[in-house]
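Remarks on the overall topology
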Amino acid sequence: GNSVTQMEGPVTLSEEAFLTINCTYTATGYPSLFWYVQYPGEGLQLLLKATKADDKGSNKGFEATYRKETTSFHLEKGSVQVSDSAVYFCALSDSGANSKLTFGKGITLSVRP
Amino acid sequence: NAGVMQNPRHLVRRRGQEARLRCSPVKGHSHVYWYRQLPEEGLKFMVYLQKENIIDESGMPKERFSAEFPKEGPSILRIQQVVRGDSAAYFCASSPGGNQYNEQFFGPGTRLTVL
């Protein structure tokens, strides 16, 4: 079945540092890929998505590129802020419309001033 | 411009009681998904419903759990005879029909604590 593997956490960075969070996946067909962010005590918010190979999703300074050859969707940001402190989840959907999402375990990012 | 609404936000039950979790999707969305988040883990799919129909319940335990999405009103996730292992955050998500890329919109979750 489908699966998503995220790098182990937590991650602690200083403000303005460069961020990379690794995500690899196993799936049949052509899934869509997502990064969701969860702030303390809240639900998940879609951060960015990519729907086909070589697509780059971007939002709020975050980027991730759909790499089919390496089955990866790593999240990057050039300069993190304290407000980026949250839990980040990589996810994929099954092929086909209205399919369920499969999530990685999530990684906690803490950014210190 | 209401998003996905869930209530209650926090629910405390004693072992053996019933828990009812409600989810109102984004207006116009006809597809609802329920996910469970155990402590220190990612979200796990439970069930996918369209109006009045269960489409995929492959992630839902066979015993004690049920879900519905009636023609009128919110979707309900019902847990009978709760046990401590049911303590988790339960998230509902919705999407419109014909959602080719499977983008889902999540509610704030219900945090269930079983004493």
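Residues numbered from 1 in each chain as written. Chains lettered and ligands numbered in written order. Predicted model: local features only at pLDDT ≥ 70, side-chain atom pairs only at ≥ 80, totals over all residues. Heavy atoms only, no water.

**Some remarks on the sheet that holds strand E3 (residues 19–21) of chain A**
Residue and element names in this part refer to chain A. The sheet built from 4 strands is open, its strands ordered E3-E9-E8-E7 with antiparallel pairing. Edge positions in the open sheet fall to E3 and strand E7 (56–59), since each of these has one partner strand only. Strand-to-strand twist of the sheet, defined as the mean angle between neighbouring strand axes without regard to direction, takes the value 15°. With 3 bridges connecting them, strand E8 (residues 62–65) and strand E9 (residues 75–77) associate as antiparallel partners. The residue bridging Glu-63 from the neighbouring strand is Glu-76, located in E9. (Pairing = 2+ DSSP bridges. Helix = DSSP H or I, 4+ residues; strand = E, 2+ residues; numbered from the N terminus. Axes fitted to C-alpha atoms, helices over the stretch in contact; angles between N-to-C directions.)

**As for the interface of chain A and chain B**
If you look at the interface, chain A gives 23 residues, while chain B gives 27 residues. Viewed at the interface, chain B and chain A are joined by 2 salt bridges. If you look at where chain A meets chain B, you find 5 residue pairs in polar contact (both at pLDDT 80 or more). Of all the elements in the fold, those that place two or more residues in the side of chain A that touches chain B are strand E5 (33–38), strand E6 (44–50), strand E10 (86–93) and strand E11 (101–103) of chain A. Tallied by class, residues from the side of chain A that touches chain B come to 8 nonpolar, 10 polar and 5 charged. (Contact = heavy atoms within 4.5 Å. Salt bridge = Lys/Arg side-chain N within 4 Å of Asp/Glu carboxyl O. Polar contact = N/O pair within 3.5 Å; in protein donor to acceptor, adjacent residues only side chain to side chain. Nonpolar A, V, L, I, M, F, W, Y, C, P; charged D, E, K, R; others polar.)

**A few points about the environment of Glu-16 of chain A**
Residue and element names in this part refer to chain A. Looking at the element boundaries, Glu-16 is found in the loop between strand E2 (11–14) and E3. Overall, Glu-16 belongs to the exposed group, its relative accessible area being 61%. Separated by 46 residues in the primary sequence, Glu-16 and Phe-62 have C-alpha atoms spaced 13 Å apart. (Buried < 20%, exposed > 50% of the residue type's maximum accessible area, 1.4 Å probe, protein only.)

**Observations regarding the state of the cysteines**
By definition, a disulfide links the sulfur atoms of two cysteines through a covalent bond. All names here are of chain B. With the rule as written, the count across this model stands at 2 disulfides over all chains. With its sulfur 1.8 Å from that of its partner, Cys-23 forms a disulfide with Cys-92. With the S-S dihedral at roughly -50°, the linkage between Cys-23 and Cys-92 falls on the left-handed side. On the criterion of sequence distance, the pair formed by Cys-23 in strand E3 (residues 19–24) and Cys-92 in strand E9 (residues 88–95) is long-range, its members being 69 residues apart. You'll find Cys-23 and Cys-92 in the same group, each marked buried. (Disulfide = S-S within 2.5 Å.)

**A closer look at the pairing of strand E12 (residues 107–112) of chain A**
Residues and elements named next belong to chain A. Burial of E12 is one-sided: the residues Ile-107, Leu-109 and Val-111 facing one way are buried, the residues Thr-108, Ser-110 and Arg-112 facing the other way are not. Looking at chain direction, E2 and E12 are connected through 4 bridges and run parallel. Residue Thr-12 lies in a different strand from E12, and its bridge partner there is Ser-110.

**So, the layout of surface pockets**
Of the voids in this model, the largest pocket is the one considered here, and its volume is about 680 Å³. Considering the residues around the largest pocket, the lining is formed by 33 residues, among which Lys-105 and Gly-106 of chain A together with Glu-40, Glu-41 and Gly-42 of chain B are closest to the centre. Residue assignment for the lining of the largest pocket shows that the elements contributing at least two residues are strand E1 (3–6), E10, E11 and E12 of chain A together with E9 and strand E11 (110–114) of chain B. With 4 residues, E1 of chain A is the single largest residue contributor to the lining of the largest pocket. Of the residues belonging to the lining of the largest pocket, the class tally is 14 nonpolar, 13 polar and 6 charged. Here the second largest pocket defines a volume of roughly 160 Å³. Elements that contribute at least two residues to the lining of the second largest pocket include exactly E11 of chain A together with strand E5 (43–50) of chain B. Looking at the lining of the second largest pocket residue by residue, the class counts come to 4 nonpolar, 5 polar and 3 charged. (1 Å grid on protein atoms, 1.4 Å probe; cavity = no way out; pocket = protein on both sides within 12 Å on 5 of 7 lines; lining within 4 Å. Points joined across faces, edges and corners; volume = space filled by probe spheres on them.)

**Some points on the nonpolar core**
Among the nonpolar cores identified, the biggest contains 27 residues, and Trp-35, Leu-47, Leu-48, Phe-73, Leu-75 and Tyr-88 of chain A are the most heavily contacted of them. Sorting the residues of this core by element identifies E2, E3, strand E4 (23–26), E5, E6, E8, E10 and E12 of chain A as the ones contributing at least two each. No other element matches the 4 residues that E10 of chain A contributes to this core. Residues Met-60, Phe-65, Leu-77 and Leu-112 of chain B belong to the second largest nonpolar core, which totals 23 residues. (Core = buried A, V, L, I, M, F, W, Y, C linked by side-chain atoms within 4.5 Å.)

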